[in-house]
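Structural overview for review
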Amino acid sequence: MNSLERVSLALQHKEADRIPVYPLLNSVSRDIIGIDYEKWTKNTELCAESIIKTTEELGLDVICSLVDLSVEAADWGQDLLYFEDDAACPDHNNRVIKSVEDYRKIKQINPRETPRMSEHIKLCDLLVKAKGNEVPVVAFVFGPLGIASMLRGQSEMFMDLILEPEAVKECVAEITKTLIEYCKALMETGVHAIMFDTLFASQSILSKQMWDDFEGEAMEELAKLVHDEGRMVMIHNCGDGIYFDAQINRMKPEAISFLHTPDDCISYEETKEKYGDKTTLIGCLDPGWLVSASLNEVVEETKKQIDVFKKDGGFILSTGCEYPSTLGFEKAKVIINTGLEYGKY
Ligand SMILES: [Zn+2]
């Protein structure tokens, strides 16, 4: 059974030979060919090569194209800072949206022609061509509200959501039009799924009603587009008190990658009970915790999660957010090996 078959069974809530295993090994994959984060981000061929090599050498069951959260924002002209060991991020001293009026400057752009999104389309193309027959390839796309916050700054945008909601909504609408074209181009490469990072859909950031009001409709439209093309919708949200119900209602996702329990559950057990048959759960080892955990503790925690989530499929063993970019592969291998052995059906 190859990874595509294994993951496909899991997503149908059936038990395969074993649980699929995919700690979110994204930027750490640059280690396998010895390049720094900046080069990994900017050189699409090397980025693809490192992801492909990592997938093969570690036997990963999924490929996700997460590079950093600035891919989209960069193409609206946001200045970025690049680092040797860390993800690129917006220059906080020079945001594209400097005032409320600037929201209206954000217009639809063509992601096939802009610098970073066009490279991301190319990255997905390389990944699908190399591995798409055996491993599901998941394109990673930041949600429109998250992109707006990269252009404006999060704390400034919070004020605007309350004081100038219409300006933010106009901006979100233009970004969404762009994302529709972006998703179409990504799907043309043959990716099996699109994973949307809905950063704002959790208690730790916005109320449920506000999330739905500002991003719900856009996410529904994007999810429908993906489903109409016969691809899968996935969500990534590592916030505390993630809104499973509101997002399932809008997006009908085949899978949700999460770190914390949803706002309406008190434990992972309850999460499995309540949502385990409605969507596939991708999670949820804490990357922050992994940094200081001993190898033995990683084994024990991984087993614990397998015990909670394994039954009846609908589970992919993973980290709840990206695996730390500077941690090396040792702990990833412990997670993977524990999944291979202990995750057998
Ligand atoms: Zn995350």
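Going by what an unreviewed UniProt entry lists, the chain is known as Uroporphyrinogen decarboxylase and is assigned to Clostridium grantii DSM 8605.

Helix and strand counts for the chain stand at 14 helices and 9 strands. Here the C-alpha radius of gyration of the chain, 19 Å, is about what a compact globule of 345 residues would show, namely 20 Å. Seen through its principal axes, the chain has C-alpha atoms that stretch 55 × 45 × 40 Å. Restricting the contact set of the chain to residue pairs at least 6 apart, pairs at least 24 apart contribute 74%.

Because side chains alternate across strand S7 (residues 255–258), one face comprises the buried residues Ala 255 and Ser 257, and the other comprises Ile 256 and Phe 258, equally buried. Two elements, strand S6 (residues 232–237) and S7, share 4 bridges in a ladder whose sense is parallel. When the sheet's bridge partners are listed, His 236 is paired in S7 with Ser 257. On the question of chirality, the crossover connecting S6 to the parallel S7 by way of helix H10 (residues 244–251) is right-handed.

A word on the sheet that holds strand S1 (residues 63–64). Pairing is parallel in the open sheet, where 7 strands are placed in the order S1-S4-S5-S6-S7-S8-S9. Strands with a single pairing partner mark the edges of an open sheet, and in this sheet they are S1 and strand S9 (315–319). Bridge count between S7 and strand S8 (residues 280–285): 3 bridges; the pairing is parallel. If you follow Ala 255 over to S8, its bridge partner there is Thr 280. Strands strand S4 (137–142) and strand S5 (193–197) of the sheet are contacted by helix H8 (residues 165–188), whose axis makes an angle of about 165° with S4.

Attention shifts here to unusual backbone geometry. Cis rather than trans, the peptide bond between Gly 283 and Cys 284 has omega equal to -10°. Tracing the chain through its elements places Cys 284 in strand S8. Its identity as a non-glycine residue notwithstanding, Asp 312 has a phi of 65°, on the positive side. With respect to the helices and strands, the residue Asp 312 is situated in the loop between helix H13 (295–309) and S9.

Across the 6 residues that make up S8, a large majority, 6, are buried. For the crossover from S7 across helix H11 (residues 268–275) to S8, the handedness is right-handed. Of the strand pairs in this sheet, S8 and S9 are connected by 5 bridges, and their pairing is parallel. Along S9, the bridge assignment pairs Cys 284 with Ser 318.

Next up on the list: the nonpolar core. Of all hydrophobic cores here, the largest spans 110 residues; its most connected members are Val 138, Leu 186, Val 191 and Ile 194. No other element matches H8, which puts 10 residues into this core. Once residues lying within four places of it in the same chain are set aside, the contact partners of Val 191 are Cys 124, Val 128, Val 137, Val 138, Ala 139, Leu 186 and Arg 231.

Now for the environment of Glu 322. Counting through the fold element by element, Glu 322 comes out in the loop between S9 and helix H14 (330–342). Considering only alpha carbons, one finds Glu 322 and Gln 247, 75 residues apart in sequence, at a separation of 21 Å. Setting aside chain neighbours within four positions, we find Glu 322 in contact with Leu 24, Asn 26, Ser 27, Leu 66 and Pro 287.

In this section: the packing of H13 against H14. Relative to each other, H13 and H14 sit at 40°, their axes nearing to 9 Å. Our classification of the angle between H13 and H14 gives oblique. For the crossing formed where H13 meets H14, the hand is right-handed. For the pair H13 and H14, the contacting residues are Leu 295, Val 298, Val 299, Thr 302, Lys 303 and Ile 306 in the first and Lys 331, Val 334, Ile 335, Thr 338, Gly 339 and Tyr 342 in the second.

It is worth spelling out the UniProt feature "domain: Uroporphyrinogen decarboxylase (URO-D)" (unreviewed entry) in the chain at this point. Following the UniProt record, the feature "domain: Uroporphyrinogen decarboxylase (URO-D)" (unreviewed entry) maps to residues 5–338 here. Helix makes up 48% of residues 5–338 and strand 11%, and the two end C-alpha atoms of the span are 20 Å apart.

Attention shifts here to helix H3 (residues 44–58). An α-helix turns once per 3.6 residues; consequently, residues spaced three or four apart project the same way. With 15 residues, H3 extends 21 Å between its outermost C-alpha atoms, agreeing within 8% with the 21 Å of an ideal straight helix rising 1.5 Å per residue. Regarding H3, the residues found buried are Thr 44, Cys 47, Ala 48, Ser 50, Ile 51, Thr 54 and Thr 55. For H3, the buried positions fall inside an angular range of 165° around the axis, keeping them on one side. The outward face of H3, more than 90 degrees from its buried face, is lined by the exposed residues Glu 45 and Glu 57. Those residues of H3 that are buried are in contact with helix H2 (37–42), S1 and helix H5 (115–131).

Let us look at the environment of Val 28. Relative to the assigned elements, Val 28 resides in the loop between helix H1 (3–11) and H2. Classification of Val 28 as buried rests on a count of 22 C-beta atoms within 10 Å. Separated by 301 residues in the primary sequence, Val 28 and Phe 329 place their C-alpha atoms 7.7 Å from one another.

Turning to its location among the elements, Ile 162 is positioned in helix H7 (residues 154–163). Placed 22 residues apart in sequence, Ile 162 and Lys 184 show a C-alpha to C-alpha distance of 32 Å.

Quick notes on the rules
- Residues numbered from 1 in each chain as written.
- Predicted model: local features only at pLDDT ≥ 70, side-chain atom pairs only at ≥ 80, totals over all residues.
- Helix = DSSP H or I, 4+ residues; strand = E, 2+ residues; numbered from the N terminus.
- Rg over C-alpha atoms; globule rule 2.2 N^0.38 Å.
- Contact = placed C-beta atoms within 7 Å.
- Buried ≥ 20, exposed ≤ 12 C-beta atoms within 10 Å, placed from the backbone.
- Pairing = 2+ DSSP bridges.
- Right-handed = clockwise from strand over helix to strand, strands pointing away.
- Axes fitted to C-alpha atoms, helices over the stretch in contact; angles between N-to-C directions.
- Core = buried A, V, L, I, M, F, W, Y, C linked by C-beta atoms within 7 Å.
- Parallel < 35°, antiparallel > 145°, perpendicular 65-115°, else oblique.
- Left-handed = near helix turned anticlockwise from the far one by under 90°.
- UniProt positions renumbered as here; feature names shortened; annotations may be inferred.
- Expected span 1.5 Å × (residues − 1).
- Arc of directions from axis to C-beta.

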